[in-house]
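Given next are the chains, with one letter for each unit.
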Amino acid sequence: MCGIVGYVGAHNASDYLLDGLKRLEYRGYDSAGMAVLTPDGYRLARKTGRVSNLATAVQSAPMPGRVGISHTRWATHGGVTEANAHPHISSDGVFAIVHNGVIENYANMKNFLLQKGYTFSSQTDTEALVNLIAYHYAKEPENNGKNRFVESVRKALLHVQGTYGIAVLCKDHPGEIVAARKGSPLIIGLGDNENLIASDASALALKTSRVIYLKDGELALVSDRSHRVITTDDETVQTVVHQIEIGLEEYELGDFRHYMEKEIFEQPTALHNAMRGRFSDDSSTARFGGLNIDPHELRQIDRILLCACGTAWHACLVTEYLIEKYARIPVEVEYASEFRYRNSPLDKNTLVVVISQSGETIDTLAALREAKRKGFKVMAITNVVGSTIAREVDGGVYQHAGPEIGVASTKAFTSQVLIGAMIALYLGRLRDMSYSDGVAFVEALKMTPDLVSEVLNISDKIHAIAKNYAHYEDFLFLGRQNMFPIALEGALKLKEISYVHAEGYPAAEMKHGPIALVSEKCPSLFLVTDGEIFSKTLSNIQEVKARKGKVIVIASDCCEFPDGLVDDLIQIPSCHDAIQPVIASIPVQLLSYYIAVERGCDVDKPRNLAKSVTVE
Ligand code: G6P
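Source: prediction; values computed, not measured.

Here is what the cut-offs are and how they apply
- Residues numbered from 1 in each chain as written.
- Predicted model: local features only at pLDDT ≥ 70, side-chain atom pairs only at ≥ 80, totals over all residues.
- Heavy atoms only, no water.
- Salt bridge = Lys/Arg side-chain N within 4 Å of Asp/Glu carboxyl O.
- Helix = DSSP H or I, 4+ residues; strand = E, 2+ residues; numbered from the N terminus.
- Buried < 20%, exposed > 50% of the residue type's maximum accessible area, 1.4 Å probe, protein only.
- Axes fitted to C-alpha atoms, helices over the stretch in contact; angles between N-to-C directions.
- Parallel < 35°, antiparallel > 145°, perpendicular 65-115°, else oblique.
- Left-handed = near helix turned anticlockwise from the far one by under 90°.
- Contact = heavy atoms within 4.5 Å.
- Nonpolar A, V, L, I, M, F, W, Y, C, P; charged D, E, K, R; others polar.
- Patch = residues over 30% accessible without salt bridge, like charges linked within 9 Å, V, L, I, M, F, W, Y side chains within 5 Å.
- Areas by Shrake-Rupley, 256 points an atom, 1.4 Å probe, with all protein chains shown as cover.
- Lys, Arg positive; Asp, Glu negative; His and termini not counted.
- Charge placed at Lys NZ, Arg CZ, Asp CG, Glu CD.
- 1 Å grid on protein atoms, 1.4 Å probe; cavity = no way out; pocket = protein on both sides within 12 Å on 5 of 7 lines; lining within 4 Å.
- Points joined across faces, edges and corners; volume = space filled by probe spheres on them.
- Pairing = 2+ DSSP bridges.
- Phe/Tyr/Trp six-rings, centres within 6.5 Å; stacked < 30°, edge-to-face > 60°.

A. Representation of the pattern of salt bridges in the model. Going through the model one piece at a time under the given rule, you end up with 30 salt bridges. Taking the shortest distance from any N to any O, the salt bridge between Lys411 and Glu266 comes out at 2.8 Å. Taken together, the residues span a long stretch of sequence, with Lys411 in helix H13 (residues 411-429) and Glu266 in the loop between helix H6 (259-265) and helix H7 (267-275) at a distance of 145 residues. On the basis of relative accessibility, which here comes to 2%, the residue Lys411 falls in the buried class. Note that Glu473 is salt-bridged to Arg599, the shortest N-O span being 3.1 Å. Note that Glu473 is positioned in the loop between helix H15 (459-469) and strand E20 (474-479) and Arg599 in the segment after helix H18 (580-598), a separation of 126 residues in sequence. The exposure class of Arg599 is partly exposed, given its relative accessible area of 26%. By sharing partners, the salt bridges in this structure join Glu140, Glu151, Arg154 and Lys155 into a single network.

Following this line, the structure appears as structure tokens:
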């Protein structure tokens, strides 16, 4: 959360700063700003709201200059005001900074700096850091031949508790940017006679595909033709340049109204990509190139811990169900934010797996570090190649779902669930799953993209249903077994993008509380599959109907319902139990999406949310 872009080179910085910010807007969109360094000092523009507001301001008052920094904010310290928007300038006017993260000890810093005569014009933690940098700069005019700019930033960072990705300008060093990270992602993009700093590679899409990933505790001095990386302890770092692939067209909206809609409809492709090359030659199991753990070791695993946040946590819940059912290995699912502080006892044969679309979620990253610190092998399922989580785990599986821009996760979720199913199959086949069951499982997986397309083909029908329910302010999402996580995910989707109160619950558990909400004002959406508990779920539906609750049912097409029981029925293809959660996710996503559209909500940028949460 919060996006950072820096540019130094031969061209007009503001063009690239704005372009990069637009691509990073998914990281936060409370305000946006940029500072460009000119021979006359800083030109600063800051606007609350979207990057487009900043772009309009820059258009009407151009900011020429060849070096600059910019920021799109997700507010932590201080309200959404222009004064709190980044960049922040030190009170002596020497430094400008943009920051992603949280300076936990900023209050102490601020008190110290106030005593030293520095002044503050915002409520942010960031302003304390930029003034601390200015303080070190003023304190040590000589630096034994070292770059005084770099040294001031480095020394200030030694006092920081918390997390940061920063890009800093210094008035006395007009051709340089200093960037540093701890806990918040930052990369250097290497161009021809120009270099960029960015929170992630999408911001570089127009300029370069050569990047250096900064690691925690590293600091870079970047000019138009050079870059040098050191640690905050002043040790030189040998950098590795990575070549990344970014398909610009993947970032285009095309004919879709929203990225969320585009990404929902991209799911057949995303699912296909998640499976490509990942089945054994005899099509009876999955195979993964990057697990870095051999089958013998995997057979020793007697417990799996799955950790994630948000939608990815729901993917963990489905994966738990699948691994326990098909591989018979006990699985525990933890919120990453809880695990990292809970100090839960882990058996030595536990495999830890984290799931994260972005690969940058700070709580998930902290959970993986905690597990590694304790000596556990940690695997990841992640979408973003080269992300911090991907680089820090022992092995894992890339989703290859393509960039997900909409804040509400859709294609990343179903691809995580599908990969979870493939892992269940792989582990199952290392244990007791028979060859023929493996073959049937693989066949089912391979059918998933087509079955998802079938559901997407009834989107008009789902849209029509959504219109009838768009005015409700409360919703229950109910499902049992492998449908329970999808009920949770459905409720989350609706909450996130429509601001409708929604709760996901196990259908049978409803009568222990949520049934009190049921009335003609609170519809219930049931996720129903055939099988042994079908009749039990029917009873749960009856209980809602008896209390005048409207009922929408998403059900396998082989399920039959008594007349009058269901108000709106969305049929999905019957399929192997392992892929039901993926198939059932599609109408849930579409329903939430269309309800949000009907309510006039900003679907891709829901209020208060950000796609990549890099603060605790
Ligand atoms: C944020 C996003 C969610 C996402 C969660 C975890 O809350 O708004 O859509 O599920 O972070 O993100 P990750 O990138 O770790 O999957």
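B. Layout of the packing of helix H14 (residues 435-456) against H18. Where H14 contacts H18, the two axes come as close as 9 Å, and the packing angle between them is 30 degrees. Comparing the axis directions of H14 and H18 gives the class roughly parallel. H18 is crossed by H14, and the crossing has right-handed handedness. Where H14 approaches H18, its residues Thr448, Leu451, Val452, Val455 and Leu456 are matched on the opposing element by Val582, Ile583, Ile586, Pro587 and Leu590. When grouped by side-chain class, the residues that make up the contact of H14 with H18 number nine nonpolar, one polar and no charged.

C. Seen up close, a negative patch on the surface. On the surface, a cluster of negative charge is contributed by Asp450, Glu454, Asp530 and Asp557. Position of Asp530 among the secondary structure elements: in the loop between strand E22 (524-528) and helix H17 (534-545). Given a relative accessible area of 38%, Asp530 falls into the partly exposed group.

D. Geometry of empty space enclosed by the protein. Under the definition given, this model contains four cavities of 30 Å³ or more. Secondary-structure elements contributing two or more residues to the lining of the largest cavity are strand E17 (350-356), strand E18 (378-382), strand E19 (395-398) and H13. In terms of residue class, the lining of the largest cavity is made up of 13 nonpolar, one polar and no charged. Cys2, Arg73, Trp74, Thr76, His77, His86, His99, Asn100, Gly101, Thr124, Asp125 and Thr126 are the residues that line the second largest cavity. Residue classes in the lining of the second largest cavity are distributed as two nonpolar, eight polar and two charged.

E. Representation of the pairing of strand E2 (residues 31-38) within the structure. For E2, the buried fraction is high: eight of the eight residues fall into the buried class. Residues Ser31, Gly33, Ala35 and Leu37 line one face of E2 and the alternating positions Ala32, Met34, Val36 and Thr38 line the opposite face, and both faces are buried. Summarising the sheet, E2 and strand E3 (residues 41-48) pair through eight bridges and their orientation is antiparallel. In the sheet register, Met34 faces E3, and the bridge partner there is Ala45. The hairpin formed by E2 and E3 contains two residues between the paired strands. Both E2 and strand E4 (residues 67-73) contribute to a ladder of six bridges, which runs antiparallel. Residue Ala35 lies in a different strand from E4, and its bridge partner there is Ile69.

F. The packing of aromatic side chains, seen in detail. The tally for this structure, following the rule as stated, stands at 13 aromatic pairs. When the ring of Phe112 is compared with that of Tyr135, the centres are 5.1 Å apart and the planes differ by 85 degrees; the resulting orientation is edge-to-face. With a gap of 23 residues between them, Phe112 in helix H3 (residues 106-115) and Tyr135 in helix H4 (residues 126-139) connect regions that are remote in the sequence. Assessed through its relative accessible area of 30%, Phe112 is described here as partly exposed. Using a relative accessible area of 15% as the deciding quantity, one classes Tyr135 as buried. Geometrically, the ring pair formed by Phe475 and Phe477 is tilted, given 5.7 Å between the ring centres and 35 degrees between the ring planes.

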